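# Structural overview
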Amino acid sequence: MRPLKLDELVGQKSALRPGSPLRNLENPNHNAAASVVLYGPPGVGKTTIAQILSRRENRRYRELSAITAGVKEVREVVETARKELESFGVRTVLFLDEIHRFSKAQQDALLPAVENGWVILVAATTENPSFSVISPLLSRSLIVRLEALTDDDVAAVIARAVESSKGLSGLITLEADALDAIVQLAQGDARRALTVLEAAALALITSQSSGDLARQAGVPVITAAIVQTIADRVLVQYDRDGDQHYDVISAFIKSVRGSDVDAALHYLARMVEAGEDPRFIARRLMILAAEDIGLADPQALVLATATAQCVQLIGMPEGRIPLAETTIYLALAPKSNSAYLAINSAIGDVRAGLLPEIPAALRSSNYAGAKALGNGIGYEYPHDDVRAVASQRYAADEVLAAKYYAPKGLGAEQTLVERWPKLRAIIRSFNGNKQ
């Protein structure tokens, strides 16, 4: 059912308007050899467009995936394309899928071919190319933004597949409710819609002898119930390399931070169902446990770390259980970002140039000649005091007045609200100093 020309492509009215770069590349009367970067969500026709552009006379289609191809493979394709262009006048349309996965060195290998016109590069990405494609390559390419298909677009793709002699014509019919169900499951992805339709049709055709099947004019009917049976799990609109990857994890973390456990579980479920790497989720939970819960519940980081180890050992789908357990615990835990604020404040002072001399008593004395320099002399060992804390200078005058850590009276950190000021008063009491 893949379209053979741009006029057959569903959607993308802006990108396919008359005189657009894609139209010019398809037009046999146009000698354009520009390269393009197709930027858009999955299932909107990026591969199809590349194949259509290669159908012109004296063009050859080659395809590479950034997941599997390296610099060696790119250079081999480029060299072959150069020879074919020089010897036979055949220009190669090189479709590079998921170019955002290519390293800078791999993208650099494409520059001579694009600059000299040896290939028409059609690069596909689900990420903003401004961030994922190197500037020299962008400056030599046209960026074409492809939009997600509307429900009407997806419905048109399905209807065409049901009616076309190249598709399912005469083999099945499709109920209106079943069409709506497929559109809902596809969520703007034509490839996903056709996959569900094909699976439903195959299941129906292979069981035509069943007397329970609904029929119209002797042809089996795909019903909404059959579609739901085929879609044995929710098909979540979630691109692990694009905006959804960042949007869902952002919503997840903010929900846990905000103590909305049900919202957090919803976003966790979306990531689990989409096949997100559970180690990535676990790592983010570890960061949150330290940054947003901290000393209000020190066990939060322990649990998050254990969960990261757990999901790495047991994998999925069982890993969803410890992930859910930790999500619930962290969402309901008391929150304190005091450690996060404290280290940021201290780093700010250091970056601003606050780097005074370290007091001599605190310097290392474990080398020859150290004591002659006064290192370690006068150091008070805290355990010699019954309180296990000594009145002692731990910082130069420039740092003594700094107050980076401000405990919050939440959860377990409540005890530190009183403890830290008392300790500070004892420590700073050297030479009558009461800071």
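Please refer to the structure placed before this passage.
Throughout what follows, the structure given in this document is the object of discussion. Just so it is clear, the model here is predicted, and its values are computed rather than measured.

Before going further, it helps to examine the environment of S54. Mapping S54 onto the fold places it in the loop between α2 (46–53) and β2 (59–65). Residue S54 is classed as buried on the basis of its relative accessible area, which comes to 11%. Each C-alpha atom of the pair S54 and L94 lies 8.8 Å from the other, and the pair is 40 residues apart in sequence. Those residues in contact with S54 that lie beyond four places of it in its chain are R59, R60, Y61 and V93.

Time to look at the environment of L110. Among the secondary structure elements, L110 is positioned in the loop between α4 (104–108) and α5 (111–115). Judged by its relative accessible area of 1%, L110 falls in the buried class. For L110 and V74, which are 36 residues apart along the polypeptide, the C-alpha to C-alpha distance reads 7.2 Å. Apart from the residues lying within four places of it in its own chain, the contact partners of L110 are V74, L94, L96, I99, F102, L121 and L137.

This part is about the nonpolar core. L22, V122 and I222 are the most contacted members of the largest nonpolar core, which totals 47 residues. Formed by 26 residues, the second largest nonpolar core is a distinct cluster that contains A66, I99, F102 and A123.

Take the side chain of E26 next. Along the chain, E26 falls in helix α1 (residues 21–26). Among all residues touching E26, those that are not within four sequence positions of it are K5, L6, I52, L53 and R56.

The next point concerns the environment of F430. In this structure, F430 sits in the segment after α19 (414–427). For F430, a relative accessible area of 10% translates into the label buried. Measuring from C-alpha to C-alpha, the distance between F430 and E8 comes to 84 Å, with 422 residues separating the pair along the chain. In this structure F430 touches S391, Q392, R393 and L400, once residues within four positions along its chain are discounted.

Here we come to unusual backbone geometry. Among all residues save glycine, negative phi is the norm, and among peptide bonds the norm is trans. The residue after M316, namely P317, is reached through a cis peptide bond having omega 10 degrees. Structurally, the position occupied by P317 is in the loop between α15 (299–314) and α16 (320–332). Despite not being glycine, E98 has its phi angle at roughly 60 degrees, a positive value. Assignment of secondary structure puts E98 in the loop between β3 (91–97) and α4. Of the residues examined, E98 reaches a relative accessible area of 17% and is grouped as buried. In this structure, A388 takes a positive phi of about 60 degrees despite not being glycine.

With that settled, the discussion passes to the pairing of β3. The buried fraction of β3 is high, at five of seven residues. With seven bridges joining them, β2 and β3 adopt parallel strand pairing. The partner of R60 across the bridge, within β3, is T92. The handedness of the β2 to β3 crossover, carried by helix α3 (residues 71–88), is right-handed. Across five bridges, β3 lies against strand β4 (residues 119–125) in parallel orientation. Directly across from L94, in β4, lies its bridge partner L121.

Over its 13 residues, helix α8 (residues 151–163) runs 18 Å from end to end, which matches the ideal 18 Å to within 8%, given 1.5 Å per residue. Every buried residue belonging to α8 is among D153, V154, A155, V157, I158, A161 and V162, and all of these are buried. Contacts made by the buried residues of α8 are with β6 (173–174), α9 (176–186) and α10 (190–205).

This brings us to the packing of α8 against α10. Taken N-terminus to C-terminus, the directions of α8 and α10 make an angle of 40 degrees; their axes are 9 Å apart at the nearest point. One element, α8, and the other, α10, form an angle in the oblique class. The handedness of the crossing between α8 and α10 comes out as right-handed. Judged by residue contacts, V154, V157, I158, A161 and V162 of α8 engage A190, A193, L194 and L197 from α10. A class-by-class count of the residues in the contact of α8 with α10 yields nine nonpolar, no polar and no charged.

For the rest of this paragraph, the subject is α9. For α9, the complete set of buried residues consists of A178, A181, I182, V183, L185 and A186. Phi turns positive, to about 50 degrees, at Q187, one or two residues after α9.

Most of strand β1 (residues 35–39) is tucked away: five of the five residues are buried. A two-sided burial pattern is seen for β1, the buried positions comprising S35, V37 and Y39 on one face and V36 and L38 on the other. Relative to strand β5 (residues 141–145), β1 runs parallel, the two sharing five bridges. Along β5, the bridge assignment pairs L38 with V144. Pairing analysis gives four bridges linking β1 to β4, with the strands arranged parallel. Its bridge partner lying in β4, V36 is registered against V122.

What counts, and where the lines are drawn
Residues numbered from 1 in each chain as written. Predicted model: local features only at pLDDT ≥ 70, side-chain atom pairs only at ≥ 80, totals over all residues. Heavy atoms only, no water. Helix = DSSP H or I, 4+ residues; strand = E, 2+ residues; numbered from the N terminus. Buried < 20%, exposed > 50% of the residue type's maximum accessible area, 1.4 Å probe, protein only. Contact = heavy atoms within 4.5 Å. Core = buried A, V, L, I, M, F, W, Y, C linked by side-chain atoms within 4.5 Å. Pairing = 2+ DSSP bridges. Right-handed = clockwise from strand over helix to strand, strands pointing away. Expected span 1.5 Å × (residues − 1). Axes fitted to C-alpha atoms, helices over the stretch in contact; angles between N-to-C directions. Parallel < 35°, antiparallel > 145°, perpendicular 65-115°, else oblique. Left-handed = near helix turned anticlockwise from the far one by under 90°. Nonpolar A, V, L, I, M, F, W, Y, C, P; charged D, E, K, R; others polar.

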